[in-house]
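Listed here are the chains, written in short residue letters.
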Amino acid sequence: MPFFTQCDAQAAPEPLPDQLAMNRTPRPWGDTFLPKSNTPAQSLLLVDARPLPNEVKTALACLQGLTSREQPRMWVHFSGRDPAWLDWHKEKGYISGYETVADWKALFQQFKTAYKGAVIPDPDLYRGSLLAANVAACEDLIIATPELAESLGIPVVVDLRGRFSKYSDGMQWVWDTYKDRLSHHLSDFLHPDRLPNGAFAYDMQWKAVMFWIAGPVDSKEPGADILAETAVMAKVLSEMVPNTAVLGFPFAGEGVGMGEPAGVDFVSGYGIALVCTDSLANTCVMSGVRIDKLKQNHIEPPALEKDKIYIAMDMSDGDNQNCWIGFFKPYFEHPDFGKFPVAFGMGPPIMDLMPAVAQWYFEHATPNTEFMADVSGIGYTHPEHFGAHYQERGAVMKDFFDWTARYLDKLDMSTLRTVGGKDPVVTEYVEGMPKIHSLFADMGRYSGREGIKNLTYMIGETPVFRAVTSWRYGKDTFMREVREQVGDVRPAFVNGFLHCWTYDSMDAIVKHIYEQRDPDMVFVTPSQLAVLYKEAKVKGWTE
């Protein structure tokens, strides 16, 4: 039966929880947006899990999470990106070294007091492993197959095989049974296939609510029911604290999961921001590093000239914490890096999750590098919908702005990018964070506005630069759209949005943008653009 026909055949769902009262319950881990581990052990135990079966990787992630509650002591190579960052933590003195463990099974004996037994997931229920993960976090258990539990000598404490015919029923049982033990300040969009990549160890450590809502494709899997799952998770999220985070990512392939826009809308309504971490391993260790503040290399702008086009190139998707582990590194190591200004959006929670990784980028930045907050502040939200289910949406937004401002200060950032946002929402940002020098609105040309005069303007004393570029013409997008939108306006001030998956290397930026620049084009950083624009306004050179 086609998906929409299937939906039509079902009874209309009950309305999702709405008109909620504001809840400001303090975070149990202290005054940081995301939880931070205790300082890691000076000498870590290193396990290379890359050649191991998936069920072993999952079990090792459980062990890493459970042992990290007291102190992070295990680093696990789940992917080829992990070794370099372990060495970086050693180079900076956050650990003194590490000992490679040849026999991974011995760790389950060494740390046998950290767990109480095993939980067996239902292999026949789609997302049965997620139900097991929530139980494991609350009951201090290792997720294992019966064969693995037997080989490790771990007693089976909970067996979920055949327990539930529908995932929604299982998730409702999880919440009913463990809501007093699961975190009300942290959750995770966790596709079951991602368990072996180790990212959920951090969820285990902090008892995050781990869930996955099916989409049109995976709704065909055993036990799936999109409407029932959405209703259960809406109830769960409505009982959580706003201005907290959901980790992971709601997309796992076309039609698999809610999808990015719908997923972000869903959690945004409950005042919850997405922090994309779906393949980010070893945060149990990395979050234990303490760095109070990082400093950027801001420099003065060039002299303002009336006949120039000033362009700030700003790279997208830095809210995706996974990208800082591998994707962005080659940009900073390229021989042309630093020859001209490029800004990078960066998700502020990096200061909680992996501050030493942020430190690497700040230390390898040049005066032509600027970091700005991505998107749309302390976490990825759709601003139009954020806190919409709360009676006091203004109070939810105020807390969001307060968290964002604190973390912008930690990262020496002075601007941020929003995902869209009509002028009333943009005005909320400007008024809620008066210390920012400007606002870069839109991920690409979301505003629907045409012409540079409609894309650059002031709200009060704060410049707003809406994206002039997108990715609609592929790698020819940038220069083509700048020329189309700027026309003969001079001086012009351009938010030159760079879609990272289109300009996926420094070579692409050099070849398709920098080498194709017109003689009257001047590349600047976002902070320089703001200074120049305000100067032009004072001189009366702009409308």
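Everything below is about the structure shown above.
If you're wondering where the values come from, they're calculated on a predicted model, not measured in any experiment. The written sequence of each chain sets the order in which its residues are numbered from 1. Local features in this predicted model are restricted to residues whose pLDDT is 70 or higher, and side-chain atom pairs enter the listing and the counts only when it is 80 or higher, whereas totals over whole chains, interfaces and linings include all residues. Excluded from the side-chain calculations are hydrogens and water; all other atoms, namely the structure's heavy atoms, are used.

**Q** What's the story with the sheet that holds strand β3 (residues 97-100) in this structure? I'm lost.
**A** Either a parallel or an antiparallel arrangement is found when strands of a sheet pair, and the pairing is made through backbone hydrogen bonds. Whether two strands pair comes down to DSSP finding at least two bridges between them. Runs of H or I in DSSP of at least four residues are treated as helices and runs of E of at least two as strands, each being numbered from the N terminus. Overall, parallel pairing links the three strands, which are arranged β2-β1-β3 in an open sheet. The strands lining the two open edges of the sheet, one partner per strand, are β2 (74-77) and β3. For this sheet the average axis-to-axis angle between neighbouring strands, irrespective of direction, equals 35°. Bridge analysis of strand β1 (residues 43-48) against β3 gives four bridges, and the strand direction is parallel. Directly across from L44, in β3, lies its bridge partner Y98. Pairs of residues are marked as contacts when any of their non-hydrogen atoms sit within 4.5 Å. Geometry is summarised by axes, namely lines fitted to C-alpha atoms with helices restricted to the contacting stretch, and by angles between N-to-C directions that run from 0 to 180 degrees. Relative to the sheet, helix α3 (residues 82-91) contacts β1, β2 and β3, its axis offset from that of β2 by approximately 150°.

**Q** So what exactly am I meant to see when it comes to the nonpolar core here?
**A** In globular proteins that are soluble, nonpolar side chains generally tend to be buried together. Throughout, nonpolar core names a set of buried Ala, Val, Leu, Ile, Met, Phe, Trp, Tyr and Cys residues whose side chains join them through atoms within 4.5 Å. When accessible area is computed with a 1.4 Å probe and restricted to protein chains, residues below 20% of their type maximum are described as buried, those above 50% as exposed, and intermediate ones as partly exposed. Counting 180 residues, the largest nonpolar core has L60, F108, M313, W324, F344, F371 and I509 as the members making the most contacts within it. For F344, the residues in contact, after removing those within four places along its chain, are M315, W324, F328, Y331, F332, F337, T369, E370, F371 and M372. L304, F440, F465 and A536 belong to the second largest nonpolar core, which has 14 residues in total.

**Q** What is the right way to look at the pairing of strand β9 (residues 244-248) in this model?
**A** Two faces make up the sheet, and in a regular strand the side chains alternate between them. With respect to burial, β9 is a largely interior element, five of its five residues being buried. Because side chains alternate across β9, one face comprises the buried residues T244, V246 and G248, and the other comprises A245 and L247, equally buried. Bridge analysis of strand β7 (residues 186-189) against β9 gives four bridges, and the strand direction is parallel. Within β9, the residue paired with S187 across the bridge is V246. Note that β9 and strand β10 (residues 272-274) share three bridges and pair parallel. Opposite T244, over in β10, you have I272 as the bridge partner. The parallel pair β9 and β10 is bridged by helix α10 (residues 260-268), and the resulting crossover is right-handed. For crossovers, right-handed means that the path from the first strand over the helix to the second runs clockwise, given strands pointing away from the viewer.

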